[in-house]
Amino acid sequence: MSNTPNKPHNPYDDIVKTIVTAAERLGYSENDYLIFTHPKRELKVSFPVRMDNGDIKVFSGYRVQHSNTLGPYKGGIRYHPEVRDNEVKSLAAWMTFKCALIGVPYGGGKGGVTVDPKELSESELERLTRRFVRAIYRSIGEYVDIPAPDINTSAKIMGWFVDEYSSLKGYNCPAVVTGKPIALGGSLGRVEATGRGCVIAARETLKKLEKEVEGTTVVVQGFGNVGHIAAKLLYEMGAKILAVSDSSGGVQCDAGLNIPELVDFVHGQKNQLKDYKAKNVKPIKNADLLTMACDVLIPAALDNQINAQNANDIKAKIIIEGANGPTTLDADKVLHQKGIIVVPDILANAGGVTVSYFEWVQNLQNFYWTEEEVNEKLDRMMCKAFSEVWKLSTHEKINLRSAAYMRALEVLVNTKRWKGVYY
Ligand code: GLU
């Protein structure tokens, strides 16, 4: 295994290897694909924010624009203490491949601020967001680079974002960012879209295996925007959710958790998930949750969760990658040998950017759709990409990730050939 204790795992190395393998299978030369192994532009900014007590703190922020071959750069902004340049670079590259695969006319980008938002008051968070916009606003725009929510960045934060950007420009620019509050031009269905997309990916995989969602046992790591929606929708479809966790810890119940009650406890009453108490509910550590026996495991938290250390112990039959990069390349090989089906992040969690695209289209047309229309279009696009990837993986006898990268690279290289070398 290439992961040594001295060398921290660098997800960007995995991405480059995956691209090169896909290019070789497609018979491409370096001339065709080399550009996609490099981010086109990387911006790092430092910006001051006044804290409530009058002190000034300086924060680091990033925006990496990986590729704009298919359209404007697109991707979320995360607030997290672990945000680093290499991580943002990988997240931006995943967006390029995700957009190409799902069929939205965008390139890939990603941004972030190194901060623990839990340590900030609401007004500090607002000032931080507005200062970050000022630091990067020359590099973004509705036809240039369109940010969106990611870890710890909500619709409210996107609202501050669009307001600050519009003030700087002097006119209302709703299409500069997606995932906004509905009142500011957000799309119905956007908040649920990534979780809903994961559920579509799980439903389609089960269908291929001639199984039903009803009665399927599910484990979810992460109870934020992606994890809790996926758990809730699967629960409503009759699946049995055996365990869920967030950064505070996890809970498990062999008979299945009452997800609506848990969602209300965590998101309604703002309690920590680990403090949830109910009959037959036991605490579980995040590490143990990942290796539980179940039909479907949904890692919907951070990257690098399933790695060379725990891959052998994974007992799930299907993994739906709600998070970006939850499985390392080493671990992916082990899972494939074990016969575990992994629906890769660039397919499984593409629901978010798909409905972001719908939001952007609605903003540009100033014509808004019903939630049914949004959900129906999302289902159609997810199913199309899923069936293309499944078909290719069966035909080439490769795992779904390799097939997804082949398909996405084909779209990128084909477009690049029409455009020429320098754009
Ligand atoms: N942050 C989400 C992702 O990783 C959504 C990005 C977007 O909507 O632009 O896919």
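Just so we're clear, the structure is a prediction, and the values are computed from it rather than from any experiment.

Novice: Pulling in residues and values, what's your account of the overall build of the protein chain?
Specialist: Check the secondary structure of the protein chain and you find 14 helices and 13 strands. In summary, the protein chain has a C-alpha radius of gyration of 21 Å against a globular reference of 22 Å for 423 residues, a match within 12%. Structurally, the protein chain occupies a C-alpha span of about 55 × 55 × 50 Å along its principal axes. Looking at the protein chain alone, contacts between residues at least 24 apart form 69% of all its contacts between residues at least 6 apart. If you sum the accessible surface of the protein chain, you get close to 18200 Å²; carbon and sulfur atoms cover 51% of it. The centroid of the 52 positive side-chain charges in the protein chain is displaced by 3 Å from the centroid of its 49 negative side-chain charges.

Novice: Can you explain the packing of aromatic side chains? Please cite residues and give values.
Specialist: Tallying each qualifying case throughout the model produces 12 aromatic pairs. Members of the aromatic cluster, each reached through a chain of ring pairs, are Y106, Y143, Y357, F358, W360 and W369. Positioned above the aromatic ring of Y12, the side-chain terminus of K89 is 4.5 Å from the ring centre. The ring of W369 has K377 sitting right over it, with the charged end atom 4.5 Å from the ring centre.

Novice: Please set out the side chain of E204 residue by residue, giving values where relevant.
Specialist: Assignment of secondary structure puts E204 in helix α6 (residues 190–208). For E204, a relative accessible area of 10% corresponds to the buried category. Within the structure, the side chain of E204 is placed 3.0 Å from the side chain of K207, a separation counted as a polar contact. The contact partners of E204, leaving out residues within four places of it in the chain, are C383 and F386.

Novice: Account for the site of the ligand, with residues named and values stated.
Specialist: Inspection of the region around the ligand gives 14 residues, with K74, K98, K110, D150 and S356 positioned closest. With respect to the ligand, the side chain of K74 contributes an N or O atom lying 2.8 Å from an oxygen atom. Side-chain polar atom of S356 to an oxygen atom of the ligand: 2.5 Å apart, as the coordinates give it. At three residues, helix α12 (residues 351–365) tops the list of elements feeding residues into the shell around the ligand. A class-by-class count of the residues in the shell around the ligand yields four nonpolar, five polar and five charged.

Novice: Report on a nonpolar patch on the surface, specifying residues and quantitative values.
Specialist: On the surface, a cluster of nonpolar side chains totalling about 300 Å² of accessible area is made up of Y143, V144 and L364. Looking at the element boundaries, Y143 is found in the loop between α4 (122–136) and β6 (145–146). Classification of Y143 as exposed rests on a relative accessible area of 60%.

Novice: Account for the state of the cysteines, with residues named and values stated.
Specialist: Summed over the entire model, instances satisfying the criterion amount to zero disulfides. Just so you know, C198 is unpaired, no disulfide at all, and the nearest cysteine sulfur is the one on C383, 14 Å from it.

Novice: Any chance you could break down the packing of helix α1 (residues 11–26) against helix α3 (residues 85–102) for me, citing the residues and the numbers?
Specialist: Between α1 and α3, the least distance of the axes is 8 Å, while the angle of their chain directions is 30°. As summarised for this structure, α1 and α3 are arranged roughly parallel, according to the angle between their axes. Classified by chirality, the crossing of α3 by α1 is left-handed. Where α1 approaches α3, its residues P11, Y12, I15 and I19 are matched on the opposing element by N86, K89, S90, A93, W94 and F97. Grouping the constituent residues of the contact of α1 with α3 by class yields seven nonpolar, two polar and one charged.

Procedures and definitions
- Residues numbered from 1 in each chain as written.
- Predicted model: local features only at pLDDT ≥ 70, side-chain atom pairs only at ≥ 80, totals over all residues.
- Heavy atoms only, no water.
- Helix = DSSP H or I, 4+ residues; strand = E, 2+ residues; numbered from the N terminus.
- Rg over C-alpha atoms; globule rule 2.2 N^0.38 Å.
- Contact = heavy atoms within 4.5 Å.
- Areas by Shrake-Rupley, 256 points an atom, 1.4 Å probe, with all protein chains shown as cover.
- Lys, Arg positive; Asp, Glu negative; His and termini not counted.
- Charge placed at Lys NZ, Arg CZ, Asp CG, Glu CD.
- Phe/Tyr/Trp six-rings, centres within 6.5 Å; stacked < 30°, edge-to-face > 60°.
- Lys NZ or Arg CZ within 6 Å of the ring centre and 35° of its normal.
- Buried < 20%, exposed > 50% of the residue type's maximum accessible area, 1.4 Å probe, protein only.
- Polar contact = N/O pair within 3.5 Å; in protein donor to acceptor, adjacent residues only side chain to side chain.
- Near = heavy atom within 4 Å.
- Nonpolar A, V, L, I, M, F, W, Y, C, P; charged D, E, K, R; others polar.
- Patch = residues over 30% accessible without salt bridge, like charges linked within 9 Å, V, L, I, M, F, W, Y side chains within 5 Å.
- Salt bridge = Lys/Arg side-chain N within 4 Å of Asp/Glu carboxyl O.
- Disulfide = S-S within 2.5 Å.
- Axes fitted to C-alpha atoms, helices over the stretch in contact; angles between N-to-C directions.
- Parallel < 35°, antiparallel > 145°, perpendicular 65-115°, else oblique.
- Left-handed = near helix turned anticlockwise from the far one by under 90°.

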